[in-house]
Amino acid sequence: MPEPRTPAVDPDLGRFLSLFHEGKYWDSHEALEHAWRRNASAFYKGLILYASAFVHAGRGNRHGVEAQLRKTIRQLEPFTPAYLGFDVDAVLDHARRCLDRVEAGEEGSRLPPPVLDWDGARVRGDEMELDQRHES
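Here's a quick rundown of the structure.

What follows concerns the overall build of the chain. Across its full length, the chain holds six helices and two strands. Put simply, the chain runs from its N terminus to its C terminus through helices and strands in the order α-α-α-α-β-β-α-α. A buried classification covers 45% of the 136 residues belonging to the chain. In the chain, of all internal contacts separated by at least 6 residues, the share reaching a separation of at least 24 is 65%. With an accessible surface of roughly 7300 Å², the chain has 49% of that area assigned to carbon and sulfur atoms.

Shown next as C-alpha cells:
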C-alpha cells in the first residue's frame, strides 16, 4: 500500500519556517507577508505576529512583545490543536508563558526562544492555504 502523501505547503511558508528556526524573526516575518496578503490567511497572520513579538524581544521593547503576543494568542486560538502541520497548542502555550513573564516585568531578551514544531503528518489537507498556494 502506498504511503500517504503530505500536501505541499506554500514555499513562502517553508522560507518563513527556515528563517524563524535560524532566529531571523524579522526576515521570517517578511518571507511570509506576501503569502498572507495574497490569500488573507488568518493563520499566516498569527505566525507573523508571533515572529514580530520576538523582533520586539530582540530590541528590548517589552511593550511591543506584550502587544504582539496578545495578538498572536487571539489570532491563533481558532486553529487549535494543530493546523497546517503546526502544533498550535504548543505555540500558544509558549506565547502565554512568555506573556506572563513579560507582564511580570521580565525583559523580552530573557524570554525562552520561540519554537515552531512543524510536522507534515499533521497537515490535514483541507486547510485553505493549500488551496491558494499556487496563486500569485
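Here the narrative resumes.
Another aspect to go through is unusual backbone geometry. The amide bond that connects Thr80 to the next residue, Pro81, takes the cis arrangement and shows omega of 0 degrees. Within the secondary structure, Pro81 sits in the loop between helix 4 (62–76) and strand 1 (82–83). For Ala40, which is not a glycine, the phi torsion comes out positive at approximately 55 degrees. Given the relative accessible area of 58%, Ala40 is considered exposed. Here the phi dihedral of Leu84 falls at roughly 50 degrees; this positive angle occurs in a residue that is not glycine.

Another point: the side chain of Glu106. Residue placement: Glu106 occurs in the loop between helix 5 (88–103) and helix 6 (128–131). Of the polar contacts made by the side chain of Glu106, one reaches the side chain of Arg101; its length is 2.8 Å.

Conventions adopted
Residues numbered from 1 in each chain as written. Predicted model: local features only at pLDDT ≥ 70, side-chain atom pairs only at ≥ 80, totals over all residues. Heavy atoms only, no water. Helix = DSSP H or I, 4+ residues; strand = E, 2+ residues; numbered from the N terminus. Buried < 20%, exposed > 50% of the residue type's maximum accessible area, 1.4 Å probe, protein only. Contact = heavy atoms within 4.5 Å. Areas by Shrake-Rupley, 256 points an atom, 1.4 Å probe, with all protein chains shown as cover. Polar contact = N/O pair within 3.5 Å; in protein donor to acceptor, adjacent residues only side chain to side chain.

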